[in-house]
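Each chain, written out:
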Amino acid sequence: MNDSGGQSQSLRIPTFDDVLAARARIAGQAHRTPVLTSRTADARAGATLFFKAENLQRVGAFKFRGAYNAIAALAPEASRNGVVAFSSGNHAQAIAYAAQLQGVPATIVMPQDAPAMKMAATSGYGAEIILYDRYTEDRQAISDRIARERGAALIPPYDHPDVIAGQGTAALELIEETGALDLLVVPLGGGGLLAGSALAARALSSGCTVIGVEPEAGNDGQQSLRKGEIVTIPVPRSIADGALPTHVGNHNFPILQDKVADIVTVTDAQLVETMRFFAERMKIIVEPTGCLAAAAVFNGIIPCNGKRVGIVLSGGNVDIAAFAAMVTGT
Ligand SMILES: *Cc1c(COP(=O)(O)O)cnc(C)c1O
């Protein structure tokens, strides 16, 4: 059983039409990020690779798409009361910024020990920050209470139909640009990006196989897909800090079951090597989680010889000192 159990009556599983609606809502707001190619990368993989560079998205990750779409989809009465999110990562910043752009008040529930830089960025976007103690308090309960008291809409990072649909717009743009693909490879944390991407890929490129990639230490998605039910694991340890959810969401799991062929894993060492490759050879900074899909392709974990392969680079938010330490092995 997972922690959103009991709400199955209210499940609204998004479809490709929701991805198209999301695209219309975010038009002119989210960047249409570039699709990068590299002969060195192609030679390494023995395939033709197309990298969707969401590390260059606003706030540095695809999360801006889902956040902007979910806020824009609210009824006017609902958005007047504001939105609430809990996260110390890319979703919090995406909600704070997307809310500010739409003139909607935002409250972000963050752990007391979140990095000062992240707190400053979040309050810089005009959001109110409410701190909690991650060892003694339950962020979900705090967020639910604030949402109830204020009549505000709680927007979770992946288990929400409009968030999933928004995330799907990256793959939609990618395939529109490249034409049909044989394979689409996507990072997986809570499964919002993978589900949205699968909706777009299966609708636009019927022969495209969709594969998710998660850190080896946190393979709950792989276990869930193989078992046919959502499996919850203890909080994993990995440098892929955007892929640490302990289970996938109720709104995305049915899509993963229907449209995703497999979920594979990579190690932290493979992520570091991939970060170094992107910096050295392609001159881009990709955060560890953003390297998941590429690492699986570069290391032959997903066979792609001779194929046309789309790879989502999901984000670029990594502290530059931490980045330097990782890629130089210090
Ligand atoms: C959140 C995040 C992911 C995982 O997305 P889910 O929708 O939770 O699966 C991957 N990469 C980055 C950079 C992220 O911020």
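The structure we're discussing is the one just above.
Caption draft 1: Up close: helix H14 (residues 320-328). For H14, the side-chain oxygen to backbone nitrogen distance between the N-cap and alanine 321 is 3.2 Å, and the N-cap itself is aspartate 319. Glycine 329 sits one or two residues past H14 and shows a positive phi near 70°.

Caption draft 2: Just the packing of aromatic side chains, in detail. Per the counting criterion, the structure on display carries eight aromatic pairs. Consider the rings of phenylalanine 64 and tyrosine 68, whose centres lie 5.7 Å apart with planes at 40°: the pair is tilted. Of this pair, phenylalanine 64 and tyrosine 68 are both found in helix H3 (residues 63-72), four residues apart, which corresponds to roughly one turn of the helix. Take phenylalanine 64 and tyrosine 68: they sit in the same class, and that class is buried. Between the aromatic rings of phenylalanine 277 and phenylalanine 278, the centroid separation amounts to 6.0 Å while the plane-to-plane angle is 75°, which identifies the pairing as edge-to-face. Judged by its relative accessible area of 0%, phenylalanine 278 is buried.

Caption draft 3: Molecular detail of the packing of H3 against helix H5 (residues 90-101). Contact geometry of H3 with H5 gives a least axis separation of 8 Å together with a crossing angle of 45°. Accordingly, the angle class assigned to the pair H3 and H5 is oblique. Considering the relative orientation of H3 and H5, their crossing is right-handed. When H3 is examined against H5, the residues Lys63, Phe64, Ala67, Tyr68 and Ile71 are found in contact with a partner set consisting of Asn90, His91, Ala94, Ile95, Tyr97, Ala98, Ala99 and Leu101. When the residues that make up the contact of H3 with H5 are grouped by side-chain class, the tally is 10 nonpolar, two polar and one charged.

Caption draft 4: Expanded view of the environment of alanine 171. Within the element layout of this structure, alanine 171 appears in helix H8 (residues 161-178). Since its relative accessible area comes to 1%, alanine 171 is described here as buried. In contact with alanine 171, not counting residues within four places along its chain, are Leu184, Ser197 and Ala200.

Caption draft 5: Broad picture of unusual backbone geometry. We note that valine 59 has phi near 55°; this positive angle belongs to a residue other than glycine. With respect to the helices and strands, the residue valine 59 is situated in the loop between strand S2 (48-53) and H3. Of note in this structure, lysine 283 is not a glycine but carries a positive phi near 60°. Of note, lysine 283 is situated in the loop between helix H12 (268-282) and helix H13 (292-298). Residue lysine 283 is classed as exposed on the basis of its relative accessible area of 65%.

Reading guide: rules and limits
- Residues numbered from 1 in each chain as written.
- Predicted model: local features only at pLDDT ≥ 70, side-chain atom pairs only at ≥ 80, totals over all residues.
- Heavy atoms only, no water.
- Polar contact = N/O pair within 3.5 Å; in protein donor to acceptor, adjacent residues only side chain to side chain.
- Helix = DSSP H or I, 4+ residues; strand = E, 2+ residues; numbered from the N terminus.
- Phe/Tyr/Trp six-rings, centres within 6.5 Å; stacked < 30°, edge-to-face > 60°.
- Buried < 20%, exposed > 50% of the residue type's maximum accessible area, 1.4 Å probe, protein only.
- Axes fitted to C-alpha atoms, helices over the stretch in contact; angles between N-to-C directions.
- Parallel < 35°, antiparallel > 145°, perpendicular 65-115°, else oblique.
- Left-handed = near helix turned anticlockwise from the far one by under 90°.
- Contact = heavy atoms within 4.5 Å.
- Nonpolar A, V, L, I, M, F, W, Y, C, P; charged D, E, K, R; others polar.

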